[in-house]
Amino acid sequence: MDPLVSSLDKLLKCKNEDPARFYTYLSDYTLTEHDEKHFIESFIPKVYYLYDKKVLRKDLVYLSLLAGENHHVLEKFIEYDKSIFVLNIDDPVSLFDYYVYEKKHWVYEIVNNPSGFDKLIPLKTIYNKLKMIKFIYETNFPEVDIEYLHSLSAQIDVEVLDDFWKFYVDEIIKFIEVVRFCKPLLKREVSDSELFAFGSSNALLDTLSRFVDLGDPARWDTILNRLKLNTNEDELNVFTGFMIIATLIRLLLQENYNTNNQKKDFVNSVFEDVKTWLLSLQNKQLQVELLENVFSLLFHRSRNEFTCKEKEIRFILFLLKSVIEELQLKKTHEKTSPEHKKLSSLMNLVTDSLWRLDLIINTKMTPKIEERLLNYMLAPPASLIHLCLKRRNFERAHQVIQIFDLRDSDLAHEVTYAESLLAFKKFLRKNGKLKVSIDRSVEDFFQENPPRVNREVEQAMEKLGEKFKHVLHFKSDNETFMNVFDFALTSTKTWEESELLLKLAADKYNLDDSIPSNYRNFYKRITELAYVVGPKDNVSLPEILTSPQYPLDVTHYNSKEEFYDALGKLYDEFQTQVQNRDPGSFNKNHPSHKTLLKMNDLCQKYLQETSSEKEPIQYLQRTFNYLKAFSRILYIEQNSSDIITKQTNASFFDIFDFNRSELTGKLLFERHLDPTEFEKYFGKLKLDFLYHVVGNCFPTINLHVQENVTVEELYHDNMLYIPSPSIIVYIQKRNWLLAFILSEMYKVEGIKIDISEVRLRTFFNYLKLPKIQHLKAIFEKNDIIAALQNCISAQKVRLYLRQHIVEPDVISIQSAHSNSSEEVLETGVEMLEDAKTTNWKSLYDLIESVPENQMKKKPDLVALRDMVLVNIVQDGFESEYYRYTFYITERDLRIDTIFNNLKRWPGKFASDVIKAEVSRFDCLMDSKVETLRDWLKHIELNEQLKTVFDLKSWYKSYNFCKNYPESALEKILLTDNVDHLLDFIKLYKPSEDTLCNITTTYLSKIMDLNIPLTKIKTILDSLPFEHAINTCHNLLTLLRNLEYLQFIADYLNNNVTDDLFLKNVQVSLKMLTVFNATDQEQLFCLINEPLSILEVLLMNTKLDKLAAILEVLNVPNQDYSREIISVEKIDELLRRYAEKSLDFRVITHPNPRLLKTPEPTKLLQSFDSLSLASDKKQFVVPEVVPTKEEWVQNDEVVECMCCRQVTFSMFSRRHHCRRCGRVVCYACSLKRMLVPTYGDILVRVCLDCFAQTCSSSDKSDSNASEKSDLPSSRSFVQEYWFLNDDPEHNKIIREEFSYEHAPSTSLCFSILKYHSKSVEYPKFLLEQCEIMLKLLQPNKEPTHEIDYLLVIKMLKSLAVAAKMVSAENMLSSGTSMADRILSQAELLALLAERGCLNLMPLVGGQNLYIDPTVLRRLRDKLLQREQWNLALEVSTKAGLDNSGVFAAWGKSCLKAGSLLVARDKFQRCFDRHNQYETSSIASRQSDLYRSLDSLTLSRSRLSSRISTSSTLSTENKPIKDPPLLHEIIEILETKTRTIKSEVLEKAQRITISGSMSSLNQIAPFTVHTDTAICVVNRIKNLKEIVSGNFSFAEGKKVNPYSSKPSIDPIFYDECVYYLTKYGTHLSLLEFYVRHGDIHTALLYIVENRLTTDLFVEVYMKCLKDGVVNILQEQMSRIDSSLNLWKDYLRQLCRQLEKHQLLNCLYQLQLYIGDYVRAAMTCIRFYEENVKSFTELANNMTHLYKGEEHLKQVLEQEQWVDVSVDTMSTNSKDSFHERMLSNPDLVMKIDTKDINKHIDTVSRQVEIVNFLSRCESSGVNTRQLLTDLISFKDSNFTNEKLTIPILFGSTADKIHLATMAIVAGRSVEEGFQLATNIIEDFKLRPIKVYCLAGKQFAKSERYNGISQLVNCIKSTGINDSAVSDMLDEMLAQAVGTLIKANVTATKVEELIKLIKDRAIKISAYIEAKQLKTAYFLAVKYKRTADVRRIQREAELLNMPAIKALCQKVLQTSPSTSHSKE
């Protein structure tokens, strides 16, 4: 070892020693045990010293030892290394060694020993994360140590964690609290790990329900308080609901809960608790559900029976009623809400249930109803009515009927009928003396109240009667009879009344006798018996029916009467014989014996005849035999019959005078006979001899005691026989127990009985009971007799008390029989006078031993016991004598006893006895009870205060408080017991000066003890007002407990007004409730600035706290002062910080010289790599801090001035260093320190300033203790923006503040989430949108700092939010503005994605929005460049109509001949619902293929093309053609040049491929090869021309049916395609017609079944073009019968007629072959626009034409059906060339009618010719016609006149006939023509003649009237008819003349021509020629006419005529005469 040590020493002395030499020596060194200690303690430390000096290397030392395999020395080095090892986190080797030595990561050392690593302590984030890792590891370990976890959580600084880990730690802490909370409440052993695992994955309530017994009510308050601390309101509501249901179930299932009076308070408290819980629920839906569940508890069942009885039902219903009424009063539910509907429905159910309960209980309660009360409540209305009727409660029955609206039901009528019936029965009972009128009264009643027929019951009875015939007797038609018979059976009192009602019932009897029934038999038997018994015994029917002596059978009644007569005679004989008392002895052959046997034979015979028993029992015979056998005991051992006979001639029946036991006692105990001889005789008689023996010596055991008996009866035991030893021995042989009892009772000597029996020991134990020992005093000290008594005689007890109380007390006892409490009280007072001589306790024991059930029945005994108890309490000799007060039953006596003895009782008992008294179930609330309550308060308080005052009794304490209140208060204040203080103040009301001793110090002290606020408020209220206010102000400065501060503030607010500071404090206190204790301590400085608290939260994005504060404040619904806080102020604050969250800090127009495009690789470098730059210029911190104006401007810098590595952008924002003013990046400004101009606020500085400042500070101050104050030491403080009460500080903070991650729309929305729904919200969002729009203004050069797509995305988010909020606030301008911004954003996004923003024209002026005109210019510009897709996208994004793009695109393709592409574009254009997809892919593909097929179609294949088009036309057609369609058709119709066949062949080979996967592409199908046939065709033509071939130009084809040039078939088909797909039916048809394809048009109409209106349009078009004949020709070709066109032709005719196109109509009618209607049209031509008959005569051609058509109809019936191909309409007379007409189209009339019409034509010609001649002769026919019409219509004028014809109305015909008579020069000239018209048209001649007569009279042509009369007479009609016509015509002519005031002579001449007398008289009266009329009336005896003349004379003032008429009327009969 010497070389090794020497080498080591040299190395230590720094001599020139080679370390290699040392390594060599060391590797060869062998360590011995002797040197081991020195080697370890000295050598190795020196080597380690050389390690530190870098002389030796540890790795080389180890390698040398390994090379020399010196493992032992190596182990010692390693052991030493381990022993001195200290972890150095800066040394990687140390970290590795730690892992090797400890076998775990080095991080654990830091976590477990944080104090050893001072360098890491400032790095709070790292250190905290390490602890967090440890915490996470422990929480995920299967076995959890809760306490260890809790300590770990306390070490973690939660504030520096991310939001997620904050949430994680908070949740774990909650789980730990749950485990801690559950552990004391566990119902079984559960490990912490299991609790933690379950609680971490489940809610608190779920955890409690699993591990804790929630059914224990004792735990509910604890659990409820814990749930209140939880933020989950739902769990609190659910548990409250559980408590409600559980409480009610426990109460309902608890049996006899109301038997104890003390439990009344319990039930009341349950009621109030449940009600409070229900009202406290915040979840309204759950509240209603719980109320419904409470109601459902009514129907809880147990063993198939309802649990709830009356009291439970009342409890639940009144609870529900109370809660619901309070909810409705508070209006907690909106009327429109479903909860309100449910609540109303539930209230209806509760009200109905209460009504049903009251109905049933008030009707009548029976045990059955009480047991099944709920079943009765659930009964239907009918059952409730039956229940009421069963109790005869008609009032309730009517109530049920009214409530359930059963007034018109049969049941209601039955109730009314039954009520009337019962009322009538009562009436009969009251008026029973009116015997004569009872039958009349009954009959009148049933006539007034007939039975109501219930059809359902009747039908049921008839159906039942089919099977059971007797049921038919109970139908309603027999009801009157049955009711009358029922009256007779129940309501009669005498036979006379019964007889009258039986007769009435017989009259009403209508039962079917052929149907047997028990009711009918009963009626017959009762009636027959009544008529026999009633008159005889004068008994009524009810008496006969109820009396047992009347059998309900006449035969039985007669035989019974005979039997009782014979039996009565024998009985009288028997009675005489028995009562004979002649001297003699016991006679066995006594005469009465034979008489009895005769009676027995008679009874036996009767019973055999009447009874159903075969051998009736012979009672008399048995009695005789028994007496005969029993008489033998009188002769046992000796003749003892003298006991019975008493020296008289006695019979066996004398034995009845003695009791068997009495007789046996006389024989045994008086005659001393041997009992054994008697036993066999008693056995033969089946009698218990032992019973008879014992009955003479055993005392009576009272089961029921008779009171108020004589003393002898009371003590009848004195008359018993004392048993002899022989008797005892005899009894012992039969019943040893009975013998033992008797021997012990009478103390019989010489009797030995074994008493080892267990039952005897039990009996002896029973005898020792105190009850027996007390009772034996009244049974002569005999405990056995006392024990055997079941009932104690109260009379004996009273006598005993009288004997043991002195004389004055005896009187009191006797008076105690009275029930009056006053008498009892007087008795007690009297007894108190001599209480010393009476042992009241023994007397009480005696009375208390009386059985309880007997005491209840004996009020006098109860009164005695109360009297004894009063004396016991008053004496006070017994131990705890005062407790006997509880047993006093009489209330007043008990209360008086309490009052008299209260002061000397212990306080505990005194309070107990008063509590028991005032809480009794039968307690009366009177003055005595109120006094007791007052005493109770004093006693309870002073019982507790006596220890405070050091007094021995409560009463002394009471006197002390009452006499010395100030001293008492001082002592109470020293105890800190607030309850004592409150009770003292309340009871003793100390003075204000005394109360001022309650100071601020005392109140703050008790607040530290967490005294409830209600008690503190009570104290403050009791203090003098000024003192209380001053105290509260002092407390505000002292307290730091938020709850008490809030309370003091509220108290001051309620008592002090206009205190702004106080209002601020109140609001701030509400805010502070959401913070933890640490945060509250920090924020107390802002208690006067509530808005600043909100601002701090906004600065630090503590939005969850902000939400909680706003929820607590509820500003919109609270009345806060606007000076303090308001919705507007909060909104303004939110908007300010929301605006800061959108701060971009970018340069929109940078200095051009600074523009620099950053390299992509540079932007992607990390911040760490940027910080390594070393080639930057040396920067020196300026000596003076620059002001903001001196800072470098943002627009002057584009990259960081510190690192020169970061180019600024939206993500790399600019920051200013507060120390130097330079613009730096985020990475270069992470440090914060104190800057002189910013006070004590740590502000942002750059790395250069921070480094230079810190280094200078280190050099200037070397003291390590002062380093903590340097800026460098504070630069790591958490960046938390905080305000205080310093305005300057706050101003700097606000200026410095900015959001680090701005701009952020999510942060903005998170802040604005709490903004009110006002118009300022959307306005703010729109303003921010405008700011962003300014960023998006187009520049010539792009700004690289702006991410346009991100800005647009944010813009969209803000615009969408603005739109939604505007809609909520009904701000229409905001909604429209937001839509405008969104559309502009979409457009800008589209342009930005394509890099085309520079194409957008600049918006002029201040307008930020793109004008639609600009968008259209942009779109048009794109269209001009044929940028179709981009133009389409721009149009779509901008909200412009993209159909114009598709239209332009399609027209371009169409002009070029790209037909398929054009179709696709036009299809999108025409579809208004979707601009991209108009049909499914399959339909699009089928359309394209069908289009290809159509390209090769020739014009000859029209039918197939029509079918194709028809399939297309089946789709819905537009109402109107789109304008674009006209343009398309116009383009196609210009394509008149023929397409080359080669071009068509090439078009046929078009191939189409499509992408079926992308449905959102602009075109679902891409046409790869779509030949532009127009272009190709033109090129082809040019090639032909170049080649010199000019023959391709074919002549243009001209359609013979159209003037337009023909177009190529391909373009023709395209036109058809577009018109079919997008046009109307009419446009397609017009196209066909326009191009001469009428046939196709007609086929299209038919095949598509188009409407008739379209056909009419086509027809009118052809009519206009002059091709109607072609149209009709094609119609005939398609269907020669025209059956296919009948509907169209009918509608066409209507249309032509409607528009008065008669010529067209006439031509069409001829085409159809409808000659009848054609004739009618000719007639219309004939009469059209004629003004006179002359003009009619000139139009005869039309009339003749119509006649020819009618004749043509006649001829057509003879034609044969011939088919023709062509038809000609050139000749008007070629009618025979037409084929037969379609019968469905033409009008068919009968041949007779046709001939008649032809005749009418002839007659028309005659009348027109006649009248035209009259006109030519000067007759004004128009005036004549006007006069005729004016007779009926006085308002008719000449302008309305039309010339009548015979084809017109009946009136026209009458007018023509009249004109024929009147217009001629004479009547005869035209009379025949008129007659012909009358006959032809069957007109009434009288109308014509009267009208002519009127006209003659009007024109004063009197000769004309005469001529007319003559002409009428010459007609040859029978005379009476002619006369009637003439009279009527003349009467009307007279009337006309009278109206025209013609002279009387002319009128009289016409009247004379009248033949009818009545008409003539009426004419004279009308002409006022009353005299002539009078003579005619009198002549013909027409009284009625005379009366008319009289009335007319009275009117005309003609008294003479009137007098004559009166005279005639007085002498004439009253009736008028008719014609002769």
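To be clear, the structure that these remarks concern was listed above.
Residues numbered from 1 in each chain as written. Predicted model: local features only at pLDDT ≥ 70, side-chain atom pairs only at ≥ 80, totals over all residues. Heavy atoms only, no water.

(A) Region of interest: the overall build of the protein chain. For the protein chain, the helix and strand inventory stands at 104 helices and eight strands. Across the 2020 residues in the protein chain, those meeting the buried criterion constitute 46%. (Helix = DSSP H or I, 4+ residues; strand = E, 2+ residues; numbered from the N terminus. Buried < 20%, exposed > 50% of the residue type's maximum accessible area, 1.4 Å probe, protein only.)

(B) Just a nonpolar patch on the surface, in detail. On the surface, a nonpolar cluster with roughly 250 Å² of combined accessible area is contributed by L60, L63 and L66. Of note, L60 is situated in helix α4 (residues 58-67). (Patch = residues over 30% accessible without salt bridge, like charges linked within 9 Å, V, L, I, M, F, W, Y side chains within 5 Å. Areas by Shrake-Rupley, 256 points an atom, 1.4 Å probe, with all protein chains shown as cover. Salt bridge = Lys/Arg side-chain N within 4 Å of Asp/Glu carboxyl O.)

(C) Molecular detail of the packing of helix α62 (residues 1090-1099) against helix α63 (residues 1103-1113). Remark: α62 packs on α63, axes separated minimally by 8 Å, with the N-to-C direction vectors making an angle of 150°. Here α62 is positioned roughly antiparallel relative to α63, judged by the angle of their axes. On the side of α62, the interface is formed by I1093, L1094, L1097 and L1098, while α63 contributes L1103, K1105, L1106 and I1109. Here the residues of the contact of α62 with α63 are counted per class, giving seven nonpolar, no polar and one charged. (Axes fitted to C-alpha atoms, helices over the stretch in contact; angles between N-to-C directions. Parallel < 35°, antiparallel > 145°, perpendicular 65-115°, else oblique. Contact = heavy atoms within 4.5 Å. Nonpolar A, V, L, I, M, F, W, Y, C, P; charged D, E, K, R; others polar.)

(D) Spotlight on the packing of helix α60 (residues 1060-1072) against α62. Look at α60 against α62: their axes get within 8 Å of each other, and the N-to-C directions meet at 30°. Overall, the two elements α60 and α62 adopt an arrangement that is roughly parallel. Facing N1064, V1067, S1068, M1071 and L1072 of α60, the residues of α62 in contact are P1090, I1093 and L1094. Partitioning the contact of α60 with α62 into residue classes produces six nonpolar, two polar and no charged.

(E) Looking closely at the pattern of salt bridges. Applying the stated rule across the entire model yields 52 salt bridges. Among the ionic pairs, E177 bridges to R226, the shortest N-O distance being 3.7 Å. Placement of E177 in helix α10 (residues 163-182) and of R226 in helix α13 (residues 220-229) is noted, with a sequence separation of 49 residues between them. For R226, a relative accessible area of 13% gives the class buried. A salt bridge links R1463 to E1614; the shortest N-O distance between them is 2.5 Å. Highlighted residues: R1463 in helix α77 (residues 1459-1470) and E1614 in helix α83 (residues 1609-1622), separated in sequence by 151 residues. With relative accessibility at 4%, the residue R1463 sits in the buried group. A network of salt bridges, in which partner residues are shared, links R891, D892, D896 and K928.

(F) Structural detail: a negative patch on the surface. A cluster of acidic residues, E1089, D1240, D1285, D1286 and E1288, forms a negative patch on the protein surface. Tracing the chain through its elements places D1240 in the loop between β5 (1231-1234) and β6 (1242-1245). Note on D1240: relative accessible area 52%, which makes it exposed. (Lys, Arg positive; Asp, Glu negative; His and termini not counted. Charge placed at Lys NZ, Arg CZ, Asp CG, Glu CD.)

(G) Structural context of the nonpolar core. Counting 337 residues, the largest nonpolar core has I731, W905, I914, I998, I1048, Y1618 and L1689 as its most contacted members. Element by element, the count of residues in this core is highest for helix α72 (residues 1348-1368), at 10 residues. Every residue in contact with Y1618, bar those within four places of it in the chain, is listed here: L1454, L1459, A1462, R1463, F1466, L1525, I1528, I1529, L1532 and G1623. One finds I146, L290, F306 and L320 within the second-largest nonpolar core, a separate group that totals 96 residues. (Core = buried A, V, L, I, M, F, W, Y, C linked by side-chain atoms within 4.5 Å.)

(H) The layout of surface pockets, seen in detail. There is about 740 Å³ of room inside the second largest pocket. Around the second largest pocket, the lining is made up of 24 residues, and of these Y48, K58, D81, V93 and D97 lie nearest the centre. Of all the secondary-structure elements, those providing two or more residues to the lining of the second largest pocket are α3 (33-52), α4, α5 (71-84) and α6 (92-102). With six residues, α6 is the largest single contributor of residues to the lining of the second largest pocket. For the lining of the second largest pocket, the residue count by class is 14 nonpolar, two polar and eight charged. (1 Å grid on protein atoms, 1.4 Å probe; cavity = no way out; pocket = protein on both sides within 12 Å on 5 of 7 lines; lining within 4 Å. Points joined across faces, edges and corners; volume = space filled by probe spheres on them.)

(I) Broad picture of helix α86 (residues 1652-1665). Its 14 residues give α86 an end-to-end C-alpha distance of 20 Å, which sits within 8% of 20 Å, the value for a rise of 1.5 Å per residue. By the burial criterion, the buried members of α86 are L1654, F1655, V1656, V1658, Y1659 and C1662. Where α86 is buried, its residues meet α84 (1625-1634), α85 (1638-1647), α87 (1668-1678), α88 (1686-1698) and α89 (1702-1712). After α86 finishes, the residue G1666 shows a positive phi value of roughly 75°. (Expected span 1.5 Å × (residues − 1).)

(J) The packing of aromatic side chains, seen in detail. Considering all chains together, one arrives at 67 aromatic pairs under this definition. Each ring, one from Y1706 and one from F1725, has its centre 5.9 Å from the other, and the planes form 75°; the classification is edge-to-face. You can see Y1706 sitting in helix α89 and its partner F1725 sitting in helix α90 (residues 1715-1727), a full 19 residues away along the chain. Over the aromatic face of Y509 sits the side chain of K524, whose NZ or CZ is 4.9 Å from the ring centroid. The ring centre of Y1617 lies 3.6 Å from the NZ or CZ of R1463, which sits over that ring. (Phe/Tyr/Trp six-rings, centres within 6.5 Å; stacked < 30°, edge-to-face > 60°. Lys NZ or Arg CZ within 6 Å of the ring centre and 35° of its normal.)

(K) Here's a closer look at helix α103 (residues 1983-1996). Relative to the 20 Å expected for 14 residues at 1.5 Å per residue, α103 spans 20 Å between its end C-alpha atoms, a close match to the ideal helical length. Note on α103: the residue one or two positions beyond its end, N1997, has a positive phi of about 60°.

(L) Broad picture of a positive patch on the surface. On the surface, K588, K628, R632 and K684 cluster together to form a positively charged patch. Within the secondary structure, K628 sits in helix α32 (residues 619-630). Its relative accessible area of 42% is what places K628 among the partly exposed residues.

(M) Fine view of the environment of I1528. Topologically, I1528 is positioned in helix α80 (residues 1523-1533). Residue class for I1528 comes out buried when judged on its relative accessible area of 0%. Put simply, I1528 and G1450 are 78 residues apart on the chain and 9.1 Å apart in space, counted from C-alpha to C-alpha. Excluding residues within four positions of it along the chain, I1528 makes contact with L1454, F1466, F1470 and Y1618.

(N) Representation of the environment of R894. With respect to the helices and strands, R894 occurs in helix α49 (residues 891-901). C-alpha of R894 to C-alpha of V870: the two residues are 24 residues apart in sequence and 8.1 Å apart in space. What R894 contacts, discounting residues up to four positions off in sequence, is T885, I888, T889, E917 and R920. Polar side-chain contacts of R894 include one of 2.4 Å to the side chain of E917. (Polar contact = N/O pair within 3.5 Å; in protein donor to acceptor, adjacent residues only side chain to side chain.)

(O) Representation of the state of the cysteines in the model. On inspection of all chains with the given rule, the structure shows zero disulfides. C1220 carries a free sulfur, and the closest cysteine sulfur to it, the one in C1217, is 3.5 Å from it. (Disulfide = S-S within 2.5 Å.)

(P) Highlighting the environment of K1455. Tracing the backbone through its elements, the reader meets K1455 in helix α76 (residues 1443-1456). For the pair K1455 and K1535, spaced 80 residues apart in sequence, the C-alpha separation works out to 9.0 Å. Dropping the residues within four chain positions of it, K1455 is found in contact with I1531, K1535 and C1574.

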